[in-house]
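Examining the three-dimensional arrangement
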Amino acid sequence: AVAEAAAEEEDGEEAGEDELLVGAAEGGGAADAAPSADDEAVRARARAILQAVQGKLLPQLYNHIKDPKTEGARVSVALAVLKLLKLMPPRVLKLQLRGFLMRLVATLSSREKSVRQKGREALAMVAVELGAEHFGAIAYELQS
């Protein structure tokens, strides 16, 4: 019974997520009439895009945040990843934000001053881009 309730809850979240994705893609709201075959096709395409971004693109971008030569953070890549995350549904941003911030904060513990400086620059730009709404998450990761 618990598994069924969780599955129903996930379906509800996915439906809301689909409405957000479809609304953003079409420029309209979720208050339209009954879903048509076109709406279902758009939702299926939106789900496929979301899965591709989460499963393939984000992990590759995460690998490029850290510069292999200096072990520092690449500020431009970090900002690009953040902007991509902000385009995703809020649930995805919430799930991915902690790991993203942990990668940036990890550069602050480096022995090299230049690496720490790049990490601070990246984190400062990320904080500005995220805004006050997510400042608590940044502070939490810095604390841990």
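Scroll up to find the structure this text is about.
The following paragraphs examine the structure supplied in this document. (Residues numbered from 1 in each chain as written. Predicted model: local features only at pLDDT ≥ 70, side-chain atom pairs only at ≥ 80, totals over all residues. Heavy atoms only, no water.)

**Let's talk about the nonpolar core**
Our working definition: Side-chain atoms within 4.5 Å link the members of a nonpolar core, which is a set of buried Ala, Val, Leu, Ile, Met, Phe, Trp, Tyr and Cys residues. Exposure is judged per residue with a 1.4 Å probe applied to protein chains only, and the accessible area is read against the type maximum: over 50% gives exposed, under 20% gives buried, and values in between give partly exposed. By definition, any uninterrupted DSSP run of H or I lasting at least four residues is a helix, any uninterrupted run of E lasting at least two residues is a strand, and each is numbered from the N terminus. Note on definitions: a residue-residue contact is assigned when non-hydrogen atoms from the two residues lie within 4.5 Å.
Judged by nonpolar contacts, the single largest core of 27 residues is most densely connected at Val81, Phe100, Leu104 and Val126. Looking at this core, the elements with two or more residues in it are α2 (37–65), α3 (75–87), α4 (90–106) and α5 (113–130). Top contributing element to this core by residue count: α3, with 8 residues. Ignoring anything within four residues of it in the chain, the contact list for Val126 reads Leu79, Leu82, Phe100, Leu101 and Leu104.

**Let's talk about the pattern of salt bridges**
What counts, and what does not: Basic side-chain nitrogens of Lys or Arg form a salt bridge, by our definition, when they fall within 4 Å of a carboxyl oxygen of Asp or Glu.
According to the stated counting rule, one finds 4 salt bridges in the structure shown. The closest approach of N and O atoms between Arg74 and Asp67, which form a salt bridge, is 3.2 Å. The class for Arg74 is partly exposed, based on a relative accessible area of 29%. Among the residues examined, Asp67 registers a relative accessible area of 18% and is labelled buried. We note a salt bridge from Glu141 to Arg98, for which the minimum N-O separation is 2.9 Å.

**As for the packing of aromatic side chains**
Quick reminder of the rule: Between 30 and 60 degrees the pair is tilted, below 30 it is stacked and above 60 it is edge-to-face, where a pair is any two Phe, Tyr or Trp rings, Trp via its six-membered ring, whose centres lie within 6.5 Å. Geometrically, a charge over a ring is one whose NZ (Lys) or CZ (Arg) sits within 6 Å of the ring centre while staying within 35 degrees of the ring normal.
Inspection of every chain in the model, using the stated rule, returns 0 aromatic pairs. Between Arg103 and the ring centre of Tyr62, over which it is positioned, the NZ or CZ distance is 4.0 Å.

**Describing the side chain of Gln96**
Locating Gln96 in the fold gives a position in helix α4. Among the residues examined, Gln96 registers a relative accessible area of 19% and is labelled buried. Contacts of Gln96, omitting those with residues within four sequence positions, involve Gln54, Leu58, Tyr62 and Leu85.

That's the geometry; what it means functionally is another story.
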